[in-house]
Structures are given as structure tokens and as C-alpha cells.
Amino acid sequence: MDANASRVDPKLLELLVCPLTKGRLSYDAEAHELVSERARLAYPIRDGVPIMLVSEARKIED
């Protein structure tokens, strides 16, 4: 995957929140995901676009 295609604008990351909890998200560059620790969900980033749908998020297991 092209590194630029998976990159998200840092200013956009500052504005995005978890759609479920409205809490902060952390960026996992290695997995290309935005992580909500509170919701225990990881939202994928596809072609540089965060997919902020709970139905598309991966559940984070312990």
C-alpha cells in the first residue's frame, strides 16, 4: 500500500471523535486505524479516508 494513500490529514484527526462515545481517537499508523479506547473499537482508514461507521469498526479484544 502506498504510504501517502493511507495517510490522514493531521488537522482532520484533531476534529474527529468516536461516533459512539464522542470521545478522543488515537491514530494507529501501523494498522491504519483510528482507535477509540473507551468504545474498544478501531475504525479503518481506507485510501486516506477514515470510515467512521460503528458497523465497519473492528472490536478490540483484550
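Residues numbered from 1 in each chain as written. Predicted model: local features only at pLDDT ≥ 70, side-chain atom pairs only at ≥ 80, totals over all residues. Heavy atoms only, no water.

A look at the side chain of Thr-21
Within the fold, Thr-21 resides in the loop between α2 (10-15) and β1 (26-28). Reaching out from Thr-21, the side chain makes a polar contact with the backbone nitrogen of Gly-23 at a distance of 3.1 Å. Residue contacts for Thr-21: discarding those within four places in its chain leaves Ser-36, Arg-38 and Ala-39. (Helix = DSSP H or I, 4+ residues; strand = E, 2+ residues; numbered from the N terminus. Polar contact = N/O pair within 3.5 Å; in protein donor to acceptor, adjacent residues only side chain to side chain. Contact = heavy atoms within 4.5 Å.)

A look at the pattern of salt bridges
Applying the stated criterion to the full structure yields three salt bridges. Between Glu-33 and Arg-58 there is a salt bridge, with the nearest N and O atoms lying 2.8 Å from each other. Of this pair, Glu-33 sits in strand β2 (residues 33-36) while Arg-58 sits in strand β5 (residues 58-59); the two residues are 25 residues apart in sequence, bridging distant segments of the chain. (Salt bridge = Lys/Arg side-chain N within 4 Å of Asp/Glu carboxyl O.)

Describing the confidence of the model for the protein chain
Of all residues in the protein chain, 90% have pLDDT values of 70 or greater, and the mean over the chain is 89. Within the protein chain, the lowest mean pLDDT, 53, falls on helix α1 (residues 3-6), and the highest, 98, falls on β5. (pLDDT = per-residue confidence, 0-100.)

What to know about the environment of Ser-26
Relative to the helices and strands, Ser-26 resides in strand β1. Residue class for Ser-26 comes out partly exposed when judged on its relative accessible area of 35%. In contact with Ser-26, other than residues within four places in its own chain, are Glu-33, Leu-34 and Val-35. (Buried < 20%, exposed > 50% of the residue type's maximum accessible area, 1.4 Å probe, protein only.)

Some thoughts on the pairing of strand β3 (residues 41-46)
In terms of burial, β3 is a largely internal element, five of the six residues being buried. Here β2 hands over to β3 after four residues, with Arg-40 in that stretch at a positive phi of 60°. Examined bridge by bridge, β3 and β5 share two bridges and lie antiparallel to one another. Its bridge partner being in β5, Leu-41 is matched across the sheet by Lys-59. As paired elements, β3 and strand β4 (residues 49-50) share two bridges and run antiparallel to each other. Bridge pairing links Arg-46 to Val-49 in β4. Here β3 folds back onto β4, and the loop between the two strands holds two residues, one of which, Asp-47, carries a positive phi near 50°. (Pairing = 2+ DSSP bridges.)

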